[in-house]
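The primary structure of each chain is shown beneath.
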Amino acid sequence: MFEKKDYIVRKHNHLVNSSREKAYSSLELKLIAKVISLVTPDYKNLLTERIYLRDLEFISNETKNHNYYKKIFEILSDTNFYLPCGGKVKWFSYFNIHDGFIEYAFNESLKDYIVQLNSNNRQYYLSNILALNSRYSIHIYELLNQMRDKKGREIFIRDLIKVLNIPDSYNITNIAKKVLDTAKEELEEKTDLSFDYSFVKQGRKTTKVKFAIKGSLHSRSQIKERKILL
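Residues numbered from 1 in each chain as written. Predicted model: local features only at pLDDT ≥ 70, side-chain atom pairs only at ≥ 80, totals over all residues. Heavy atoms only, no water.

Novice: I'd like a rundown of the nonpolar core, residues and numbers included.
Specialist: If you look at the biggest cluster of nonpolar residues, it comprises 62 residues, and the most contacted ones within it are Leu15, Trp91, Ile102, Phe106, Leu110 and Leu164. Among the elements that make up this core, the one with the highest residue count is helix α2 (residues 26–37) (seven residues). The contacts of Leu15, once residues within four sequence positions are left out, are Ile36, Phe81, Leu83, Trp91, Leu110, Tyr113 and Ile114. (Core = buried A, V, L, I, M, F, W, Y, C linked by side-chain atoms within 4.5 Å. Buried < 20%, exposed > 50% of the residue type's maximum accessible area, 1.4 Å probe, protein only. Helix = DSSP H or I, 4+ residues; strand = E, 2+ residues; numbered from the N terminus. Contact = heavy atoms within 4.5 Å.)

Novice: So what about the pattern of salt bridges? Which residues, and what values?
Specialist: Pairing between side chains of opposite charge can happen when the charged atoms of each approach one another. Tallying each qualifying case throughout the model produces eight salt bridges. For Lys208, the salt bridge goes to Glu154, with nearest N and O atoms at 3.5 Å. Of the two residues, Lys208 is situated in strand β10 (residues 205–214) and Glu154 in strand β8 (residues 152–156); the sequence distance between them amounts to 54 residues. Between Asp196 and Lys184 there is a salt bridge, with the nearest N and O atoms lying 2.6 Å from each other. In this pair, Asp196 sits in strand β9 (residues 194–202) while Lys184 sits in helix α8 (residues 172–190), placing the two residues twelve residues apart along the sequence. Since its relative accessible area comes to 35%, Asp196 is described here as partly exposed. Salt bridges sharing common partners tie together Lys184, Asp196 and Lys214. (Salt bridge = Lys/Arg side-chain N within 4 Å of Asp/Glu carboxyl O.)

Novice: Can you lay out the pairing of β10 for me, pointing to particular residues and giving the numbers?
Specialist: Where β8 meets β10, five bridges bridge the pair, whose relative direction is antiparallel. Across the sheet, the residue bridging to Arg153 is Phe211, located in β10. The sheet contact formed by β9 and β10 spans nine bridges and is antiparallel. Opposite Lys201, over in β10, you have Thr206 as the bridge partner. Joining the antiparallel neighbours β9 and β10 is a turn of two residues, in which Gly203 adopts a positive phi near 70°. (Pairing = 2+ DSSP bridges.)

Novice: Talk me through the packing of aromatic side chains; I want residue IDs and the actual numbers.
Specialist: Tallying each qualifying case throughout the model produces 13 aromatic pairs. A centroid spacing of 5.2 Å and a plane angle of 25° characterise the contact between Phe92 and Phe106, whose relative ring orientation is stacked. Linking Phe92 in strand β5 (residues 92–98) with Phe106 in strand β6 (residues 101–106), this pair joins segments that are 14 residues apart in sequence. Classification of Phe106 as buried rests on a relative accessible area of 5%. Feature note: the residues Phe73, Phe92, Phe95, Tyr104 and Phe106 constitute an aromatic cluster, connected by ring pairs. The ring of Phe195 carries the charged tip of Lys184 above its face, separated from the ring centre by 6.0 Å. (Phe/Tyr/Trp six-rings, centres within 6.5 Å; stacked < 30°, edge-to-face > 60°. Lys NZ or Arg CZ within 6 Å of the ring centre and 35° of its normal.)

Novice: Outline the side chain of Asp192, listing residues and values.
Specialist: Assignment of secondary structure puts Asp192 in the loop between α8 and β9. A distance of 2.8 Å separates a polar atom in the side chain of Asp192 from a polar atom in the side chain of Tyr141. (Polar contact = N/O pair within 3.5 Å; in protein donor to acceptor, adjacent residues only side chain to side chain.)

Novice: So, the confidence of the model for the protein chain: which residues are in play, and what are the values?
Specialist: Taken over all residues, the pLDDT of the protein chain has a mean of 87, while the share at 70 or more is 88%. The least confident element of the protein chain is helix α9 (residues 220–229), whose mean pLDDT is 50; the most confident is helix α6 (residues 135–145), at 97. Ignoring residues within four places in sequence, the model shows residues 226–230, a span with pLDDT below 50, making three contacts including any to other chains. (pLDDT = per-residue confidence, 0-100.)

Novice: How would you sum up the sheet that holds β6? Please name residues and give values.
Specialist: The strand order across the open sheet built from three strands is β2-β6-β5, with neighbouring strands paired in antiparallel fashion. Both outer strands of the open sheet, β2 (49–52) and β5, are each paired with one neighbouring strand and no more. Each adjacent strand pair in this sheet contributes to an overall mean axis angle of 20°, direction not counted. Pairing of β5 with β6 involves six bridges; the strand directions are antiparallel. When the bridges of β6 are listed, Tyr94 appears paired with Ala105. (Axes fitted to C-alpha atoms, helices over the stretch in contact; angles between N-to-C directions.)

Here is the structure:
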């Protein structure tokens, strides 16, 4: 049986740790990861690229709806996001949808974060996040993947709220149940990474979340094969 190629996402740490005033949808995050995965290590510059709508299998019910894709690209092209270094940038400088494919160009300001990456990046198989439903799960997968080899990570609650666009109305109990528990369940069931977490207090105030990270780098097909063997 023919097996679809599983692409590798190579994403600079600054992109993973970036924030946006308006929360990303899960489809926006998947689309960004998909187009980044098409940039291979031999690229020296950002080019105008194209991808067929039928290849966006994670939104297969909308493969013929050009307006649906146009709306997503318009949002990503018009909305600023903020890098940890203080830079403000948009994802795309150009896009066009016609004849069953999307033509697009990354913003040139992102070149150092997408092309010819140095060690300041982590990679993962695209299939892992395509399987996820929650935007929180996708964000947390990428954040923990950065420290997969260290087996752990601590994140200030204020930083987690900022990167994940967690509503201001959420208290620690909400964050635990609606964000962390949701991501924990999804990642363990659907990806090559799982985690446990606990909160860290400073005095009486909860200031950080501490993650214990488990898992080795695998694609979704490899995960399924391992589960069958077990």
